[in-house]
Amino acid sequence: MRVLILTMTMNFDSNYWEERYKNNQTGWDAGSVTIPIKHYIDNLTNKKLKILVPGAGNGYEFEYLLQQGFNNSYVIDIALTPLQNIKARLPEVPGTHIIHGDFFDHVGEYDLIIEQTFFCALNPELRQQYVEKMYSLLKPGGRLAGLLFSFPLTEQGPPFGGSAEEYEAIFSSLFTINKMEEAYNSIKPRAGKELFFIFEKK
Ligand SMILES: C[S@@+](CC[C@H](N)C(=O)[O-])C[C@H]1O[C@@H](n2cnc3c(N)ncnc32)[C@H](O)[C@@H]1O
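Residues numbered from 1 in each chain as written. Predicted model: local features only at pLDDT ≥ 70, side-chain atom pairs only at ≥ 80, totals over all residues. Heavy atoms only, no water.

K.L.:
Residue-level account of the site of the ligand, with values.
P.N.:
Taken together, 18 residues lie around the ligand, and Y21, G55, D77, Q116 and T117 are the ones closest in. At 2.9 Å from a nitrogen atom of the ligand is found a side-chain nitrogen or oxygen belonging to D102. Contact between the ligand and F103: a nitrogen atom at 2.9 Å from a main-chain N or O atom of the residue. Class assignment of the residues belonging to the shell around the ligand gives a composition of 11 nonpolar, five polar and two charged. (Near = heavy atom within 4 Å. Polar contact = N/O pair within 3.5 Å; in protein donor to acceptor, adjacent residues only side chain to side chain. Nonpolar A, V, L, I, M, F, W, Y, C, P; charged D, E, K, R; others polar.)

Here's what the structure looks like:
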C-alpha cells in the first residue's frame, strides 16, 4: 500500500530523468534503433511525413529516420542530457528539430508519432492525458505507431505495464486500432513483452 501511494504521488519530472541520465541508470536505452521500429520505418514511403519521436532519449530512432531521408523529423524530451548527446552525434541537424520540453506542453501537427518506452515511463495517472495529447498533435488521419509493453501494470515502475485490453479501452474512442499484436521481432530483453501497434486518428 505504501509503495502504491509513493508511485502515484511520485513526480517523474525533468530532474528525475536528468538524474537517471547523469547516473547512467538508463536500462531502457537499446543503443540503436530497435528492430520493430526499424522495420516499420523501412516500410514508410512518403519521405515528406512530419514525424515526432516524443520522450526520445538518445534518439536512435530519430537518427535512423534522418539516415533514411525523413528530414521532417523531430524529437522532444524533458531531459537535456540525451538531447545534447543527439546534437553531438548529429551536429548537422537544425536545432529546431531537437526540442527540449515537456511533451504535454508541446504544440504542433504531425503525420506520424513514434512511441517507444515513453508511454510506459509516465505516471499511469497521465494515460488519458497522453491519449488526448497524441490526438491533438496528429493531423486528421495521422498515425501513432510503435511499441507498448504487455506485462501487468503494478505499482512498480517506470516502466509501467499494461495490456492490449487496457490500451484498446483508452485509445479506441479517439483512434482506430489498425494493428496491435505481439511484436515478432522484439529486441531480446523485450521478447514476448511488447505489442507492436498502429493507431490512426479518427
Ligand atoms: C524510458 S526513457 C525512453 C527513451 C527512449 N524512448 C528510448 O527508447 O531510449 C523515457 C524518456 O521520456 C522522457 N520524458 C519523460 N517524461 C517526459 C515528458 N513529460 N515530456 C518529454 N519527455 C519526457 C525522459 O526524459 C526519457 O528520456
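K.L.:
Would you mind going over the pattern of salt bridges in detail, with residue names and values included?
P.N.:
Where charged atoms from two side chains of opposite charge come close, those side chains can pair. If you walk through the whole model with that rule in mind, you get six salt bridges. A salt bridge links E63 to R89, with the nearest nitrogen and oxygen atoms 2.7 Å apart. Taken together, the residues span a long stretch of sequence, with E63 in helix α4 (residues 60-67) and R89 in helix α5 (residues 80-89) at a distance of 26 residues. Classification of E63 by relative accessible area gives buried; the value is 18%. The partly exposed category is assigned to R89, whose relative accessible area is 31%. Between R127 and E166 there is a salt bridge; the shortest N-O distance is 3.1 Å. Of the two residues, R127 sits in helix α6 (residues 127-137) while E166 sits in helix α7 (residues 164-171), which places them 39 residues apart along the sequence. You can call R127 buried: its relative accessible area is 6%. (Salt bridge = Lys/Arg side-chain N within 4 Å of Asp/Glu carboxyl O. Helix = DSSP H or I, 4+ residues; strand = E, 2+ residues; numbered from the N terminus. Buried < 20%, exposed > 50% of the residue type's maximum accessible area, 1.4 Å probe, protein only.)

K.L.:
How would you summarise unusual backbone geometry if you had to cite specific residues and measurements?
P.N.:
Residue P158 is bonded to the preceding G157 through a cis peptide linkage, with omega at -5°. Each neighbour pair has its own omega, and for P158 with P159 the value is 5°, a cis peptide bond. Mapping P159 onto the fold places it in the loop between β5 (138-149) and α7. Notably, N24 is not glycine yet its phi reads approximately 55°, a positive angle. Its location among the elements puts N24 in the loop between α2 (14-22) and α3 (35-42). The exposure class of N24 is exposed, given its relative accessible area of 65%. Backbone geometry at T117 places phi at a positive 50°, although glycine is not the residue there.

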